[in-house]
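# Structure assessment
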Amino acid sequence: IDLKRLMMFKGQNRPMRRVHALVLLLLDTGLRISEALTLERGRVDLEHRSVTVNGKGSRERMIPISAEGRKALFVWLSRSKGRYVFSTSTEGRLSYRNAYRDMQQLCTRAGITQHLHPHLLRHAFAVNYIRAGGDVYRLSRILGHSNITTTSLYLRSMGFEALQEGHRSPLSAS
């Protein structure tokens, strides 16, 4: 997926601005789409750059957000109201079906032809986290996996070149 094009997109109406903020949050945090859609405004801490979500099995976890993610959330939250971060125009909770539809429209308007599925953004977050030097144990906690084996499944697609790129040997230190 063309992540740069996706991130640079500027929505012209409320649904496009909302879904763009949603996409940025998913890319920034690795949240499950259900966690993002049920995220309440009171669970966003912009000052400490974190969001607190209820994950699978009703396990609560705190997720860090980047400075860029904080800015995107701040802009979106200052323009919207309602209990949920990604509420509808009637202040209800945005459904998965409508979020998915809006993501497809966002891609079309941004000139992205590849099919975008919300879970693909979670996967992109995980791969980028590891490529940027993050470790699999922290990633597992961020993603809310109870077993590190689950986290390793996200990293299967990284291919040999990516593994070579990140290879650090004591022999190379001299």
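Here goes a summary of the coordinates provided.

What counts and how
- Residues numbered from 1 in each chain as written.
- Predicted model: local features only at pLDDT ≥ 70, side-chain atom pairs only at ≥ 80, totals over all residues.
- Heavy atoms only, no water.
- Helix = DSSP H or I, 4+ residues; strand = E, 2+ residues; numbered from the N terminus.
- Axes fitted to C-alpha atoms, helices over the stretch in contact; angles between N-to-C directions.
- Parallel < 35°, antiparallel > 145°, perpendicular 65-115°, else oblique.
- Left-handed = near helix turned anticlockwise from the far one by under 90°.
- Contact = heavy atoms within 4.5 Å.
- 1 Å grid on protein atoms, 1.4 Å probe; cavity = no way out; pocket = protein on both sides within 12 Å on 5 of 7 lines; lining within 4 Å.
- Points joined across faces, edges and corners; volume = space filled by probe spheres on them.
- Nonpolar A, V, L, I, M, F, W, Y, C, P; charged D, E, K, R; others polar.
- Core = buried A, V, L, I, M, F, W, Y, C linked by side-chain atoms within 4.5 Å.
- Buried < 20%, exposed > 50% of the residue type's maximum accessible area, 1.4 Å probe, protein only.

## Observations regarding unusual backbone geometry
With phi around 55°, S58 is a residue other than glycine that occupies positive phi space. Here S58 is to be found in the loop between β2 (50-54) and β3 (60-64). Residues other than glycine seldom take positive phi values, yet E91 does so here, at roughly 70°. With respect to the helices, strands and loops of the structure, E91 is situated in the loop between α4 (67-79) and α5 (96-110).

## Here we look at the packing of helix α2 (residues 14-29) against α4
It is the contact of α2 with α4, at a shortest axis distance of 10 Å, that shows an interaxial angle of 150°. When the axes of α2 and α4 are compared, the pair comes out roughly antiparallel. Judged by the sense of rotation from one axis to the other, the crossing of α2 with α4 is left-handed. The residues of α4 that touch α2, namely those facing R14, R17, R18, A21, L24, L25 and D28, are G69, A72, L73, W76 and R79.

## Notes on empty space enclosed by the protein
Evaluation of the coordinates by the stated rule reveals one cavity of 30 Å³ or more. Reported here for the largest cavity is a volume of approximately 30 Å³. Along the walls of the largest cavity sit A21, L24, L25, D28, G69, A72 and L73, which together make up its complete lining. Taken together, the elements giving at least two residues each to the lining of the largest cavity come down to α2 and α4. Top element by residues in the lining of the largest cavity is α2. It accounts for four residues. When the residues that make up the lining of the largest cavity are grouped by side-chain class, the tally is five nonpolar, one polar and one charged.

## Re the nonpolar core
Taken as a class, soluble globular proteins show a tendency for nonpolar side chains to be buried jointly. By size, the foremost hydrophobic cluster in this structure holds 44 residues, and its most contacted members are L6, L22, V51, L73, F86 and M103. Every element with two or more residues in this core is listed here: α2, α3 (33-37), β2, α4, α5, α6 (118-131) and α7 (136-143). The dominant element in this core, judged by the number of residues it contributes, is α2, at eight residues. What M103 contacts, discounting residues up to four positions off in sequence, is V19, L22, V23, L26, I33, L116, P118 and L121.

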